[in-house]
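Structural overview for review
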Amino acid sequence: MFEVTDKDAMGRIGKLKTPHGVVETPALMPVINPNIDFISPKELKKIGAEILITNSYIIYRTEKLREKAEKDGVHALLDTDLPVMTDSGSYQLLMYGEIEVSNEEIVKFQEKIKSDIVVPLDIPTPPDADYSTALKDLEETIKREKEAAEMYSGEGLLALPIQGSTHWDLREKSAEEAAKIGGDVYPIGGVVPLMDAYRFEDVARAVLSAKTKLPPNKPVHLFGAGHPMVFALFVALGCDLFDSAAYALFAKDDRYLTPYGTEKLSELNYFPCSCPICLEYTPEEMRRMEKSEREILLGKHNLYVSFEEMRRVKQAIKNNELFELVERRIRAHPYLIQAWRAIKDYYDLMEKYDPFAKKVFFYLGTESCLRPAVRRHQERVLRVKTDKKEIVISSDYSVKADFYLKPPFGVVPAELMESYPAGHAEIPEDIDEEAYRTAAKGLKLFLEKHKDKKIRLVVDEKWRKFLDDVQA
Ligand code: GUN
Ligand code: ZN
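Calculation notes
- Residues numbered from 1 in each chain as written.
- Chains lettered and ligands numbered in written order.
- Predicted model: local features only at pLDDT ≥ 70, side-chain atom pairs only at ≥ 80, totals over all residues.
- Heavy atoms only, no water.
- Helix = DSSP H or I, 4+ residues; strand = E, 2+ residues; numbered from the N terminus.
- Rg over C-alpha atoms; globule rule 2.2 N^0.38 Å.
- Buried < 20%, exposed > 50% of the residue type's maximum accessible area, 1.4 Å probe, protein only.
- Contact = heavy atoms within 4.5 Å.
- Areas by Shrake-Rupley, 256 points an atom, 1.4 Å probe, with all protein chains shown as cover.
- UniProt positions renumbered as here; feature names shortened; annotations may be inferred.
- Near = heavy atom within 4 Å.
- Polar contact = N/O pair within 3.5 Å; in protein donor to acceptor, adjacent residues only side chain to side chain.
- Nonpolar A, V, L, I, M, F, W, Y, C, P; charged D, E, K, R; others polar.
- Pairing = 2+ DSSP bridges.
- Axes fitted to C-alpha atoms, helices over the stretch in contact; angles between N-to-C directions.
- Donors = N, O, S within 2.8 Å, 3.2 Å for Na, K, Ca; no water.
- Tetrahedral: all angles 85-135°; square planar, octahedral: opposite > 155°, others 65-115°.
- Expected span 1.5 Å × (residues − 1).
- Arc of directions from axis to C-beta.
- Core = buried A, V, L, I, M, F, W, Y, C linked by side-chain atoms within 4.5 Å.
- Salt bridge = Lys/Arg side-chain N within 4 Å of Asp/Glu carboxyl O.

Helix and strand content of the chain: 21 helices and 19 strands. For 472 residues, the compact-globule estimate of 2.2 N^0.38 gives 23 Å, and the C-alpha radius of gyration of the chain, at 25 Å, lies within 12% of that figure. Overall, the chain is about 85 × 55 × 40 Å in size when its C-alpha atoms are taken along their principal axes. By residue count, 57% of the 472 residues in the chain fall in the buried class. Counting only contacts in the chain whose residues sit at least 6 apart along the sequence, the fraction spanning at least 24 positions is 69%. Accessible surface for the chain amounts to roughly 21000 Å². Of this, 49% is attributable to carbon and sulfur atoms.

Moving on, we get to the UniProt feature "domain: tRNA-guanine(15) transglycosylase-like" (unreviewed entry) in the chain. In the UniProt entry, the feature "domain: tRNA-guanine(15) transglycosylase-like" (unreviewed entry) is given for residues 11–334. Structurally, residues 11–334 is divided into 48% helix and 15% strand, and its ends, taken at the C-alpha atoms, are 22 Å apart.

This part covers the site of ligand 1. Taken together, D87, S88, S90, Y91, V119, D122, P124, Q163, G189, G190, V192 and F223 make up the full set of residues near ligand 1. At 2.6 Å, a side-chain N or O of D87 approaches a nitrogen atom of ligand 1. The residue inventory of the shell around ligand 1, partitioned by class, reads five nonpolar, five polar and two charged.

Moving on, we come to the sheet that holds strand β2 (residues 11–18). Within a beta sheet, neighbouring strands are joined by backbone hydrogen bonds and run either parallel or antiparallel to one another. Within the open sheet, the three strands sit side by side as β1-β2-β3. Their pairing is antiparallel. With partners counted over all chains shown, the strands left at the sheet margins are β1 (2–8) and β3 (21–25), one partner each. Looking at each pair of strands side by side, their axes are set apart by 15° on average, direction ignored. Sheet topology places β2 next to β3; five bridges connect them, and they run antiparallel. Paired with K17 across the bridge in β3 is V22.

Attention now moves to the coordination of the zinc ion (ligand 2). All of the protein donors around the zinc ion (ligand 2) are C273 (SG), C275 (SG), C278 (SG) and H301 (ND1); their distances to the metal are 2.1 to 2.3 Å. Considering all four donor atoms around the zinc ion (ligand 2), the spread of angles at the metal, 99 to 117°, places the coordination shape in the tetrahedral class. Every donor residue of the zinc ion (ligand 2) comes from the same chain, spaced as C-x1-C-x2-C-x22-H. Pair noted here: C275 is in the loop between β13 (261–264) and α13 (276–280) and H301 is in helix α15 (residues 291–318), with a separation of 26 residues, a long-range link.

All right, on to helix α8 (residues 168–181) then. Over its 14 residues, α8 extends 20 Å from the first C-alpha to the last, a length consistent with the 20 Å expected when each residue adds 1.5 Å. By the burial criterion, the buried members of α8 are L170, R171, S174, A175, E177, A178 and I181. The arc enclosing the buried residues of α8, seen along the axis, measures out at 170°, which places them on a common side. In the core, the buried residues of α8 are packed alongside α7 (131–151), β9 (186–188) and α10 (200–211). Where α8 ends, the next residue or the one after it, G182, has phi of about 90°, a positive value.

This next bit is on the UniProt feature "binding site: Zn(2+)" (unreviewed entry) in the chain. The UniProt record annotates "binding site: Zn(2+)" (unreviewed entry) at C273, C275 and C278. Judged by its relative accessible area of 7%, C275 is buried. The residues contacting C275, other than those within four sequence positions of it, are H301 and Y304. Considering the arrangement of structural elements, one finds C278 in helix α13. Those residues in contact with C278, other than ones at most four positions away along the chain, are Y256, F271, C273 and H301.

Right, let's talk about the nonpolar core for a bit. If you look at the biggest cluster of nonpolar residues, it comprises 91 residues, and the most contacted ones within it are L222, F234, F242, L322 and W340. Once you skip the residues sitting within four places of it in the chain, L222 turns out to touch I188, V191, V203, V207, F234, C239, L241, F242 and D243. Grouped together as the second largest cluster of nonpolar side chains are 34 residues, A373, A425, I431 and L447 included.

This paragraph deals with the pattern of salt bridges. Inspection of every chain in the model, using the stated rule, returns 44 salt bridges. With its nearest N and O atoms 2.6 Å apart, the salt bridge here joins E433 to K465. Placement of the pair is E433 in helix α20 (residues 433–449) and K465 in helix α21 (residues 461–471), with a sequence separation of 32 residues. A relative accessible area of 36% means that E433 is categorised as partly exposed. Residues joined in a network through salt bridges with shared partners are D8, E351, D354, K358 and R376.

Comment: phi is negative for the bulk of residues other than glycine, and the bulk of peptide bonds are trans. Omega for the peptide link from T25 to P26 comes to 0°, which places this bond in the cis form. Tracing the chain through its elements places P26 in the loop between β3 and β4 (27–32). Residue P408 is bonded to the preceding P407 through a cis peptide linkage, with omega at 0°. As for its placement among the helices and strands, P408 is situated in the loop between β16 (403–406) and β17 (410–413).

Quick look at the sheet that holds β16 now. Reading across the sheet, the four strands line up as β17-β16-β15-β19 and stay open at both edges, with mixed pairing between neighbours. Of all strands in the sheet, those with a lone pairing partner are β17 and β19 (454–458), marking the two edges. Each strand of the sheet is rotated relative to its neighbour by a mean of 30°, with strand direction disregarded. Pairing of strand β15 (residues 390–394) with β16, which is carried by two bridges, proceeds in the parallel orientation. If you follow S394 over to β16, its bridge partner there is Y404.

Within helix α16 (residues 322–329), seven of the eight residues are buried, which leaves the element mostly enclosed by the surrounding structure. Restricting attention to buried positions, one finds in α16 the residues L322, F323, E324, L325, V326, E327 and R329.

As for its position among the elements, A27 is in strand β4. Judged by its relative accessible area of 6%, A27 is buried. Sequence separation of A27 and V235 is 208 residues, and the distance between their C-alpha atoms is 9.8 Å. In this structure, A27 is in contact with I51, D240, L241, F242 and M310, ignoring residues within four places of it in sequence.

Take a look at the structure:
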């Protein structure tokens, strides 16, 4: 049902088969509220949507919608031929604390209306909940997921959400249990309040801890991450599906999305975008419009940039340049930088996914030191055999040596000075100290490994202050 065709970092391009067609992932699913007339599914498809998401609970409790959906299906209700994922009402549970439907009822209902991706009624425990509350909620979620798996007999895919609040061991447990039950899609849930508070590091840890236990050949959905600024980061952490209510919510609030963050329409003199909307109107013209008209135009722009960013992320995967794209994008917000740095605690996981062979390594800042290619190189160099009694290591590439020093990689065998990664790395001449420190760690490992041999180090001025640690 899910076939991965290209990989980079922990991201991938995949084909997800649903009863209403194949969707290429990573994909963004615009959220449709069937009660609100906004941008129609037909227009969403024109703007770039390949799959939509709606809320089965809203349909269920609105008699007119429910009758139509039960009779003709959710696709007819929304008037679309695109695949449709349906959520269960858990979001309402998260935001309002209470709903009037059982797990069994809502799963049956989603089956009946021919949803392409069905979601049980998981319990979205909020962030920072007590451990015991989070555990108790999780046990109920697991019970409901088992019930759904036993009961559901439709042709759609079954999604099993991962919960556990901000307790990473519970996130792991949730993923482990869900994998045992066996879902087709694994959404990471309960993160909307974290996203809203810009607690991206906690979202990243929720994703990473789940990924350690989820099967690598199944799609992961990140519930409630609809801002284009975060797509590259979360795709690189292994998320394949995203849903966006953001395009509509931000538009309602006169906010304009970009891959670098959010702008207020009131503060814009120019539109930094060439979508059909931004070419046709100026910010001033838009401000003078009726609210309802403006909201639709802003919503459309928000969607155009979101799909554009997702295509850019996919191209970066194809080119094996996703690290480069992420390192550029995280500069949109300090907390995104902080979130990305969490990968240093998940090196082994990243190592499992990230491809070995790439074309180039562009050093774009201290976070480039965290790429698996760096550590992988340092480990590989330790396995290089040499029978020389004296090894010459030089930071000056014009000196004849057995090994050279190159930040952030460390020790590079002369014969690998033209190979990926170190030999294909473009680094700034005045590279930062973090790159030297990273390289020094590699050098230290190398010296320990060859401590029985005589080593001659030829180093320039810049290297001196990093050698104390190495030789200690
Ligand atoms: N929408 C936003 N967050 C969640 C969640 O945790 N679970 C479900 N089912 N839907 C959501
Ligand atoms: Zn635009």
